[in-house]
Amino acid sequence: MAVATCVTLAACGGGHTATKQDVIAQGNAICAGALRDIRALPAPPTGGASTAGLAKYLQQVVPIIHKEIADLRALPRPARDRALLDRYLSAEASNESAYRALLAAARSGNSPAVSATLATLANSPAAVLADRYGLTQCASASGTGVS
C-alpha cells in the first residue's frame, strides 16, 4: 500500500514530491512481490513437454504480470531519468503483449510460435532498462516470467 500512499501524496499535493529513489523503492517492491507470486506457482513442465501444461501455467502468470505492470505504470514519474523509466515501462508493456501471445500459442499447441515468443522475451530490453534505472528487482536474471 506504500505505492498508493505515495501516489496519493504526490497527486494531492501532500507536500511530498516523489523522487527517483521513491520510485525505485516502490518499483522494486512491486517486482519482488510479482516474482514471489510467480515462484509460488507450480513450475511449468520442461524439456519439450506439452504446450497444454505451459498454457495452464501461463494462465496463472499472465494476470500477475498484468498487475505488476499496471502497478509500475501507476508510480509517479519524477523528472530525473523520466525518459529511461518511460522506455522501461514501454518495454514491459511489450513484454505483457508477448506473454499474452505466448499463452495463445501454448493454448493452440503451436510449438514454433511458443519458441519464437520465448526468443522475443529473451531479447527484451526491459531488464537492462530496469537495471539502468535502479529497479534491480525488476531486472533480476530470473525475471518474473518464463524461460
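Residue numbers here run from 1 along each chain, matching the order of that chain's written sequence. Local features in this predicted model are restricted to residues of pLDDT 70 or higher, and side-chain atom pairs are both shown and tallied only at a pLDDT of 80 or more, whereas totals for entire chains, interfaces and linings draw on every residue. The side-chain values count all of the structure's non-hydrogen atoms but skip hydrogen atoms and water molecules.

Enquirer: Help me understand the environment of Leu 84, please; the structure alone is not making it clear to me.
Expert: Secondary structure elements are taken from DSSP: a helix is a run of H or I of four residues or more, a strand is a run of E of two residues or more, and numbering for both begins at the N terminus. Positionally, Leu 84 belongs in helix 4 (residues 82–107). Under the scheme applied here, a residue whose accessible area is under 20% of the maximum for its type counts as buried, over 50% as exposed, and between as partly exposed, the area being computed with a 1.4 Å probe on protein chains only. Taking the relative accessible area as the measure of exposure, Leu 84 reaches 10% and is therefore buried. As a C-alpha pair, Leu 84 and Leu 129 span 45 residues in sequence and 6.9 Å in three-dimensional space.

Enquirer: Help me understand the packing of helix 2 (residues 20–39) against helix 3 (residues 51–73) in this model?
Expert: Helices that pack against each other are described as a pair by the angle of their axes relative to one another and the distance between those axes. Throughout, an axis means a line fitted to C-alpha atoms (over the contacting stretch in the case of helices), and angles, computed between N-to-C directions, take values from 0 to 180 degrees. One can describe the packing of helix 2 onto helix 3 by two numbers: an axis separation of 10 Å at closest approach and a directional angle of 170 degrees. By the angle between their axes, helix 2 is roughly antiparallel relative to helix 3. In this structure, helix 2 uses Gly 27, Ile 30, Cys 31, Ala 34, Asp 37 and Ile 38 to contact helix 3, whose residues at the interface are Tyr 57, Val 61, Ile 64, Ile 65, Glu 68, Asp 71 and Leu 72. Orientation is classified from the angle alone, with under 35 degrees giving roughly parallel, over 145 giving roughly antiparallel, 65 to 115 giving roughly perpendicular, and any other angle giving oblique. Every residue pair with non-hydrogen atoms within 4.5 Å of one another is taken to be in contact.

Enquirer: Just checking my understanding: could you explain the state of the cysteines for this structure?
Expert: Note: disulfide means a covalent bond formed between the sulfur atoms of two cysteine side chains. Whenever a pair of cysteine sulfur atoms sits within 2.5 Å, that pair is classed as a disulfide. Inspection of every chain in the model, using the stated rule, returns one disulfide. Each disulfide pairs two cysteine sulfurs, and for Cys 31 the partner residue is Cys 138, the sulfurs being separated by 1.9 Å. A torsion of 90 degrees about the S-S bond marks the disulfide between Cys 31 and Cys 138 as right-handed. One end of the pair, Cys 31, is in helix 2; the other, Cys 138, is in the segment after helix 6 (126–133), and 107 residues separate them in sequence. The two residues Cys 31 and Cys 138 agree in class, both being buried.

Enquirer: Explanation requested: the packing of aromatic side chains in the structure shown.
Expert: Both the distance between ring centres and the angle between the ring planes are used here to describe each pair of aromatic rings. A pair of aromatic rings is counted whenever rings of Phe, Tyr or Trp (Trp by its six-membered ring) have centres within 6.5 Å, and the orientation is called stacked for planes under 30 degrees apart, edge-to-face for over 60 and tilted otherwise. This model, assessed by the stated rule, comprises zero aromatic pairs. For a Lys NZ or an Arg CZ to count as sitting over a ring, it must be within 6 Å of the ring centre and within 35 degrees of the ring normal. Directly above the ring of Tyr 133 sits Lys 20, whose terminal nitrogen or CZ lies 4.7 Å from the centroid.

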